[in-house]
Amino acid sequence: MRTRAALTSIFASVGVLIIGWQAGSAAMSTTQPSVTATSSGTSGGTTSTTTTTTATVASADGTYTGDDVNTRFGSVQVEITISSGQITDVTALQLTDADGRSRQISNRAAPILQSEVIAAQSSNVNNVSGATYTSDAYLQSLQSAIDKAGL
Amino acid sequence: MRGTFETMGTVASIVLPADGERVVASIRRIFDDADQRFSLYRVESELSRINAGELSLMSASDELRAAYALAMDWHLRTAGAFTPNRPDGAIDLNGVVKAMCISRAGEMLFSSGLGDWSVAVGGDILCAGHSPTGEWNTGIVDPFDRTALLCSLPLGAGRRAIATSGSAERGDHIWTLERDAAAEFVQVTVIAEDICIADALATAIMSGGREMLDLATDTWAIDALAVMTDGSLLATPGVRSRVTA
Amino acid sequence: MTAQLTARPRPTGPRSDRRRQYRRRARRSDLLVTALWASGAAAAALFLSVGGAGQFGTIADAITSLGIVTGLIGSDFILVMLVLAARVPFIDRTVGHDRAIAVHRQLGKPALYLLLAHGVLLLVGYGIASGFNLVTWVVDTWQLPDMPLAFIGLGLLVAVVVTSLVAVRRKFSYEGWHLVHLLSYVAVAFAIPHQLSNGAVLSQGPQRVYWIALYVLAFGSIIVYRFLEPLVASLRHGIRVDKVIEVAPGVVSIVLRGSHLEALGATGGQFFVWRFWAPGMWWHAHPISLSAAPTENYARITVRDLGTGSRAITTVAPGTRVWLEGPYGIFTDSARTAPKVAIIAAGIGITPARALLESSAIAPGEATVLLRASSENEQWLWQEVADLSVEKGAKYFEMVGRRSSRASTWMSAVDQERGVTLRSVFPDLLNSDLYICGPSAWIDLVEADARRAGMPAHQIHAERFDW
């Protein structure tokens, strides 16, 4: 093969591969920030507001969870909130004490007795949430009673 | 004012300020359009055609593929507890579509300049601002006596959405995972800032049981109330503080 | 007979024109080569453009990714092969159809290996994912859309390549081999559905568009240049056999008559692929060089019966309808790059050389011709060439006699002992374009000799008959 042909082929091929690679990196980075809403920090503290998008592609605003980072205090995972392009909140999600055990405040569901629950009246609520009712079943439902009462 | 209309096989109830009547029709359109596309009760809907094999997923509309992608995303995130595939292999996007429409209705309401409203569709509710009575008090139905409420709690900033899943009337989109011979829960209610998260997780926890409930509360900023088959209740700290004295 | 065939040679102008022409052709040739390799790179780049670079994290991922890339590049090579076999005029004018076919052949095995690797690697990748549970594994793969067809396509491709291996091809008749070779179209078509319905790379977006465009280009080239254009040309020019003249036992010249043949743009040295519509002959098309420059109404080919196909042609009856594909080949005046011309032909290879001599704009003293034959019985058309040489002011040599059985040479034994060399026959050899035509093995010897004498490759033009 002629030298010129060989050289142009090599350059063109490498060029094409680089373009493809760049396009791929760009495509990956726009879908990169996986939006996960996680519970935060200390007990009794406020949970950070997470504005999560419902579409499959994340927009710039939102809450992002970083990788586990090892610090001298242990392993830290940080959650940042971005709105209008600015970081508005940073929360440490998980702290490991020196022994390496993670101290995580639990938001788990625990048993609660019926007797502890304050009785509720349908006349005091604006809406009722239950398993989806059909249009026919709606008529007998509490929601329809509330709708009729016009609260 | 309150507007109600039938859609997606159930009934939507919208609470708006007095002058909000004008937007009810627009909200209805959002649901009707989605129903046209996704209803499995219409033979000519796009989703029915896909299930019948007349149309391939690859050549479906962008909206349908986005809904499917969202459902698959939830499928992954809930380790399979949430699934849009029925046991017979057909795709049922009823779960995500309803929530997507409620969410879209909310966006539309905000952009119409309305900041105090609630949108309730078949038991899923999203609200904003203040209710006519102050807070948006929402009751949770007792699964064993549908004329009574288990409890009621206020929805507000950070927890504007509530969704309940139950093995009751329209539980078609909940397929209990194989490993649970019998479902652990009779009803699951999830409260979150986002209605899609609340709806997907309520469905996932119903089919995934206790394990999924723990995963959900560990991973997402939600609160949950689950009713077990024997009537006993499980509640996250956030629910407990709101429903107890 | 030559009176009927007064040709109008096409002048190519002074030396600078030729250099420019050659440089242009060289640039086009470089462009084609670059396009070939760049298309392979583009196939790999398709994978990269969907984020493939990041898919090499685990062993299973890496194997699957490699499987995808080999499939893309292998398919690309197959498409390039189709384009090369399509006899695209641009390619023929630049490198000549025989060179295109040579490259086509060279790509065959690599393409097949890549596609086999594609299959194996992906199967292994799936296997790892399914924990090598054979049932899940087979079921998973088989159930993917359009996979059964794809497997069949690959099988057909294997058959095509295997039957094209020199060792195997010898066992087949040309027709039999060709029939199997045509299955390659089927193989390619069977692979298309699974490419478009599986995987992330080609599922949507510009990647999908590009891929489909490649297929359109490849099949389009075949349809247009192998079927449509020849069909239109054949119908338009309405060619029939006019006269069949016996030149010698077993060798005939066939004069063909048609209308507006100048529109074909053929020049001496080129060949057509002819199809004679006679019983037993119509289903096999033959590449045969013109043995004289074509005129508006007449073209001539000279055929030696060397096999069943060519023997049948020698018996064709006047009035037989003829279809043609072409003209092809760059064994022509326009391929000249140097001031002088050296022509050396052996046996029936004299045909394009004779036509070339007639068509070329050659000034007196520019050309030297050497004709080679093993015996006096093989001097077909030599008188015509001698006459043309006189007409063009070209030097004319004859070399008759068997070569020495001991040495491997293109020369006759006698002349070799006398010390004849290429340089002695063609003193201005290094300043000439050397046109060689004859049996393939003999051409190789001449070419080797010419290279040894210092001739650059671009000044050597060989017309091989056996592709």
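Residues numbered from 1 in each chain as written. Chains lettered and ligands numbered in written order. Predicted model: local features only at pLDDT ≥ 70, side-chain atom pairs only at ≥ 80, totals over all residues.

1. Let's talk about the overall build of chain C
Okay, so step 1: Scanning chain C from N- to C-terminus turns up 15 helices and 11 strands.
Okay, so step 2: Within chain C, the proportion of its 467 residues that are buried is 41%.
Okay, so step 3: Restricting to contacts in chain C with at least 6 residues of sequence separation, those with at least 24 account for 74%. (Helix = DSSP H or I, 4+ residues; strand = E, 2+ residues; numbered from the N terminus. Buried ≥ 20, exposed ≤ 12 C-beta atoms within 10 Å, placed from the backbone. Contact = placed C-beta atoms within 7 Å.)

2. A look at the overall build of chain A
Okay, so step 1: Looking only at helices and strands, one finds three helices and seven strands in chain A.
Okay, so step 2: Traced from its N-terminal end to its C-terminal end, chain A shows the element sequence α-β-β-β-β-β-β-β-α-α.
Okay, so step 3: Taking all 151 residues of chain A together, 23% fall into the buried category.
Okay, so step 4: Considering only residue pairs separated by 6 or more positions, chain A has 33% of its internal contacts joining residues 24 or more positions apart.

3. Some points on the sheet that holds strand β4 (residues 124-128) of chain B
Okay, so step 1: Taken together, nine strands build an open sheet; the order of strands is β6(A)-β10(B)-β9(B)-β8(B)-β7(B)-β4(B)-β3(B)-β2(B)-β1(B) and the sheet is antiparallel. Either end of the sheet is taken by a strand with one partner, and the two such strands are β6 (110-112) of chain A together with β1 (2-7) of chain B. For this sheet, the mean inter-axis angle between neighbouring strands, taken without regard to orientation, is 15 degrees.
Okay, so step 2: As judged from the four bridges shared by strand β2 (residues 10-15) of chain B and strand β3 (residues 117-121) of chain B, these two strands associate in the antiparallel manner. Each residue of the ladder has a partner; that of V15 of chain B, found in β3 of chain B, is S118 of chain B.
Okay, so step 3: Of the strands in this sheet, β1, β2 and β3 of chain B touch helix α1 (residues 21-38) of chain B, which is tilted by about 15 degrees from β1 of chain B. (Pairing = 2+ DSSP bridges. Axes fitted to C-alpha atoms, helices over the stretch in contact; angles between N-to-C directions.)

4. What about the environment of I91 of chain C?
Residues and elements named next belong to chain C.
Okay, so step 1: Within the secondary structure, I91 sits in helix α3 (residues 89-95).
Okay, so step 2: Sequence spacing of I91 and R28 is 63 residues, and the spatial spacing of their C-alpha atoms is 8.7 Å.
Okay, so step 3: With residues near it in sequence (within four places) discarded, I91 still touches L32, L84 and A100.

5. Looking at the interface of chain A and chain B
Okay, so step 1: The partner chain B presents 69 residues to the 43 residues of chain A that form the contact.
Okay, so step 2: For the side of chain A that touches chain B, the secondary-structure elements that each account for two or more residues are β6, β7 (127-129), α2 (135-139) and α3 (142-149) of chain A.
Okay, so step 3: In the side of chain A that touches chain B, the residues fall into 17 nonpolar, 23 polar and three charged.
Okay, so step 4: The sheet contact formed by β6 of chain A and strand β10 (residues 233-235) of chain B spans three bridges and is antiparallel. Bridge assignment links I112 of chain A to a residue of β10 of chain B, and that residue is L233 of chain B. (Nonpolar A, V, L, I, M, F, W, Y, C, P; charged D, E, K, R; others polar.)

6. Description of the confidence of the model for chain C
Residue and element names in this part refer to chain C.
Okay, so step 1: Overall, the predicted model of chain C reaches an average pLDDT of 87, with 94% of residues at or above 70.
Okay, so step 2: When the criterion is pLDDT under 50, residues 1-6 qualifies, and its contacts beyond four places in sequence or with other chains add up to eight contacts.
Okay, so step 3: The ipTM, which scores confidence in the relative placement of chains, is 0.86 for this predicted complex, and the corresponding pTM is 0.58. (pLDDT = per-residue confidence, 0-100.)

7. Overview of the environment of W410 of chain C
Okay, so step 1: Considering the arrangement of structural elements, one finds W410 of chain C in the loop between β9 (395-400) and α13 (413-418).
Okay, so step 2: Once residues lying within four places of it in the same chain are set aside, the contact partners of W410 of chain C are W442, L445, V446 and D449 of chain C.

8. Details of the nonpolar core
Soluble globular proteins tend to pack their nonpolar side chains together in the buried interior.
Okay, so step 1: Residues V190, A198, L201, I205, I222 and A224 of chain B are the most contacted members of the largest nonpolar core, which totals 85 residues.
Okay, so step 2: Element by element, the count of residues in this core is highest for helix α5 (residues 195-219) of chain B, at 13 residues.
Okay, so step 3: Apart from residues no more than four positions distant in its own chain, A198 of chain B is found in contact with A161, I162, A163, V190, I191, A192 and I222 of chain B.
Okay, so step 4: I239, A293, A342 and I443 of chain C belong to the second-largest nonpolar core, a separate cluster that totals 66 residues. (Core = buried A, V, L, I, M, F, W, Y, C linked by C-beta atoms within 7 Å.)

9. Regarding unusual backbone geometry
Residue and element names in this part refer to chain C.
Okay, so step 1: Cis geometry marks the peptide bond from G326 to P327; its omega dihedral reads 5 degrees.
Okay, so step 2: Mapped onto the fold, P327 is located in strand β6 (residues 321-328).
Okay, so step 3: Positive phi, normally seen in glycine, also occurs at H260, with a value near 55 degrees.
Okay, so step 4: Position of H260 among the secondary structure elements: in the loop between β2 (251-257) and β3 (271-276).
Okay, so step 5: Taking the C-beta count within 10 Å as the criterion, H260 has 11 such neighbours and is therefore assigned exposed.

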